[in-house]
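One-letter residues, chain by chain:
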Amino acid sequence: MRKNKFPGVREKVTYGHILNKKDISYSIRYTVNGVRREETIGWKSEGYTAEEVYNIRSALIKDIETGKAFSYKEQREQRQQEKIANEEALKQKQLKEITFSDLFENYYKPHIKRKNKKSTVEREIGLYEKWLNPFFGDLKLNLISRISLNSLLDKMEKAHLSNRSKNYAIALTRQIFNFAIKHDLYSGINPASKFDELKKEDNSRMKFLSEEDLNNLLDELKKHSYLVYLMALISADCGLRAGEIFKLTWADINLEKRLMLLRDTKNGTDRYAYMTKRVQEELSKLNQDEGNKLLFTSRNGEQIKHISRTFERAVKTLGINKGIIDRKQKIVFHSLRHTYASRLVDKGVPIYEVKELLGHKDIKMTIRYSHFDKDRLLKSVQVLDA
């Protein structure tokens, strides 16, 4: 034992507490109800000093005199519980102040970037930035109600958005609130729970181009933008979606075998697409870079996100959509993929092979193209008239 100037404090020199180094342990002596007690407080290597331990003993004796605690261990546990209670109270206070944008940007977005595929993340962030954040991003979570969501739907209705888009907005809101509840960021009721789903509309586009219209459109695009022309050609001749074209890299291209590897497609799988000769010839004219460099980039060298307005202007110039009011009957870039499917069916390619070429998981998605085959079937039956 070592002597010190602090009554009730004992110091003991010991070895082996940390890597066989010399250390000092501190303990206190005190009396409770006539019973003498001794408790170890800590070590010098932990930062304790004799004076600090003496102050701990003095505070404990005051608690003993007032009946608040009767041992250092009990005192320490009480203070730990008070600390936890104060931290929880502070947390609850902070949670009441959290806004929808705080929740999305600081918690939900980092979560989905770790867990979800890139296309899903981009879709959810896009919906959040365009609709959810401008509408109630600044609102505290407990102020967002079903009335708030109905107001959002009204605004989307005025913007002529489909029921599918509205349902997606509600579903994403529900998902974000469920995330907050699961991770103890919100303790209220999910305002989007049990929300009646709007009747889904048939938004499928089945409009396609004739060979003549397709060639006229490609010629018109080539006059104004070789980039847009080439993307349109790949869609019409290989059946790629716009997003699949945007993600193509030179590492995915095999010109000799006329193959394109499409990664992380809409249905979550990779698949091969097959080039026509004219696509092969056009790609051969480009500077073929190695590695993961994109085939097509924006002016600042980044991945393209949307088809240029050049496509829309070319369609307008040719009058392809003239007089058409129903948006499902208008030619858009995705119509080139439908044109690809219709051309295959018209040439007699079996519907199951068309399914594989389009990358559909379900034949039901492909069977809608079967009606393009009716003229050919009628001609087949006409052999009986001969």
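Residues numbered from 1 in each chain as written. Predicted model: local features only at pLDDT ≥ 70, side-chain atom pairs only at ≥ 80, totals over all residues. Heavy atoms only, no water.

**Some details on the overall build of the chain**
The helix and strand tally for the chain stands at 15 helices and six strands. For 386 residues, the compact-globule estimate of 2.2 N^0.38 gives 21 Å, and the C-alpha radius of gyration of the chain, at 35 Å, exceeds that figure by more than 25%. In the chain, buried positions account for 38% of the 386 residues. Sequence-distant contacts, at least 24 apart, represent 58% of the contacts inside the chain between residues at least 6 apart. When the accessible surface of the chain is split by element, carbon and sulfur atoms take 49% of a total near 24000 Å². (Helix = DSSP H or I, 4+ residues; strand = E, 2+ residues; numbered from the N terminus. Rg over C-alpha atoms; globule rule 2.2 N^0.38 Å. Buried < 20%, exposed > 50% of the residue type's maximum accessible area, 1.4 Å probe, protein only. Contact = heavy atoms within 4.5 Å. Areas by Shrake-Rupley, 256 points an atom, 1.4 Å probe, with all protein chains shown as cover.)

**Considerations on a nonpolar patch on the surface**
Among the surface-exposed residues, Val381, Val383 and Leu384 lie close enough to one another that they form a single nonpolar patch of about 330 Å² accessible area. With respect to the helices and strands, Leu384 occurs in the segment after α15 (374–381). When its relative accessible area of 71% is taken as the criterion, Leu384 is described as exposed. (Patch = residues over 30% accessible without salt bridge, like charges linked within 9 Å, V, L, I, M, F, W, Y side chains within 5 Å. Salt bridge = Lys/Arg side-chain N within 4 Å of Asp/Glu carboxyl O.)

**Notes on the confidence of the model for the chain**
When the pLDDT values of the chain are averaged, the result is 87; 91% of them are 70 or greater. When pLDDT is averaged over each helix and strand of the chain, the minimum, 64, is found for α15 and the maximum, 96, for helix α8 (residues 226–238). (pLDDT = per-residue confidence, 0-100.)

**Remarks on a positive patch on the surface**
Together, Lys117, Arg123, Arg164, Lys266 and Lys361 make up a region of like positive charge exposed at the surface. Within the secondary structure, Arg164 sits in helix α6 (residues 163–182). (Lys, Arg positive; Asp, Glu negative; His and termini not counted. Charge placed at Lys NZ, Arg CZ, Asp CG, Glu CD.)

**Considerations on helix α7 (residues 211–224)**
For α7, which comprises 14 residues, the first-to-last C-alpha distance of 21 Å matches the rise-based estimate of 20 Å (1.5 Å per residue) to within 8%. Restricting attention to buried positions, one finds in α7 the residues Leu214, Leu217, Leu218, Glu220 and Leu221. Looking down the long axis of α7, one finds its buried residues gathered within 165° of arc, a one-sided arrangement. Opposite its buried face, α7 presents the exposed residues Glu212 and Lys223, each directed more than 90 degrees away. Elements in contact with the buried residues of α7: α8, α10 (277–284), α11 (309–318) and α12 (335–346). (Expected span 1.5 Å × (residues − 1). Arc of directions from axis to C-beta.)

**A look at the sheet that holds strand β5 (residues 259–262)**
Ordered in space as β4-β5-β6, the three strands form an open sheet in which the pairing is antiparallel. Each end of this open sheet is capped by a strand with a single partner; those strands are β4 (253–254) and β6 (271–274). Across two bridges, the pairing between β4 and β5 is antiparallel. Its bridge partner lying in β5, Ile253 is registered against Met260. (Pairing = 2+ DSSP bridges.)

**As for α6**
With 20 residues, α6 should cover 28 Å at 1.5 Å per step; its first-to-last C-alpha distance of 28 Å lies within 8% of that length. Residues Asn163, Lys166, Asn167, Ala169, Ile170, Leu172, Thr173, Ile176, Phe177, Phe179 and Ala180 constitute the buried set of α6. Packed against the buried residues of α6 are α3 (100–115), α4 (118–136) and α5 (146–158). One or two residues past the end of α6 sits Asp184, with phi positive at roughly 55°.

**Here we look at the nonpolar core**
Inside soluble globular proteins, nonpolar side chains tend to come together where they are buried. Judged by nonpolar contacts, the single largest core of 38 residues is most densely connected at Ile234, Leu240, Met260 and Leu336. Elements represented by at least two residues in this core include exactly α7, α8, α9 (242–246), β5, α10 and α11. Residues in contact with Leu240, not counting those within four places in the same chain, are Ile234, Ser235, Ile245, Leu248, Met260, Leu262, Ala273 and Arg337. The next biggest cluster of nonpolar side chains, apart from the first, holds 30 residues, and it includes Ile125, Phe136, Leu185 and Phe195. (Core = buried A, V, L, I, M, F, W, Y, C linked by side-chain atoms within 4.5 Å.)

**What about the packing of aromatic side chains?**
In this structure the tally under the stated criterion is eleven aromatic pairs. Between the aromatic rings of Phe6 and Tyr54, the centroid separation amounts to 5.6 Å while the plane-to-plane angle is 40°, which identifies the pairing as tilted. One end of the pair, Phe6, is in the segment before β1 (9–18); the other, Tyr54, is in helix α1 (residues 50–66), and 48 residues separate them in sequence. The exposure class of Phe6 is buried, given its relative accessible area of 17%. Centre to centre, the rings of Phe104 and Tyr128 are 3.7 Å apart; their planes meet at 5°, and the pair counts as stacked. One end of the pair, Phe104, is in helix α3; the other, Tyr128, is in helix α4, and 24 residues separate them in sequence. For the pair formed by Phe104 and Tyr128, the shared burial category is buried. (Phe/Tyr/Trp six-rings, centres within 6.5 Å; stacked < 30°, edge-to-face > 60°.)

**Quick look at the pattern of salt bridges**
Following the criterion strictly, the structure yields 17 salt bridges and no others. Residue Arg10 pairs with Glu38 through a salt bridge whose shortest N-O separation is 3.0 Å. Pair noted here: Arg10 is in strand β1 and Glu38 is in strand β3 (residues 35–43), with a separation of 28 residues, a long-range link. According to the relative accessible area criterion, Arg10 is partly exposed, its value standing at 22%. Residue classification places Glu38 among the partly exposed positions, given a relative accessible area of 39%. One salt bridge connects Arg271 with Glu244, and the closest N-O pair in it is separated by 2.9 Å. Highlighted residues: Arg271 in strand β6 and Glu244 in helix α9, separated in sequence by 27 residues. For the pair Arg271 and Glu244, one class covers both residues: buried. Salt bridges here are not isolated pairs; linked through shared partners, they connect Glu211, Asp237, Arg278 and Arg343.

**Digging into the packing of α4 against α5**
Across the interface, α4 lies against α5 with an axial gap of 11 Å and an inter-helix angle of 130°. Judged on the interaxial angle alone, α5 and α4 are oblique. Here α4 and α5 pass one another in a crossing that is right-handed. Residues Trp131, Leu132, Phe135 and Phe136 of α4 form the contact with α5, whose own contacting residues are Ser148, Leu149, Ser151, Leu152, Lys155 and Met156. Of the residues in the contact of α4 with α5, the class split is seven nonpolar, two polar and one charged. (Axes fitted to C-alpha atoms, helices over the stretch in contact; angles between N-to-C directions. Parallel < 35°, antiparallel > 145°, perpendicular 65-115°, else oblique. Left-handed = near helix turned anticlockwise from the far one by under 90°. Nonpolar A, V, L, I, M, F, W, Y, C, P; charged D, E, K, R; others polar.)

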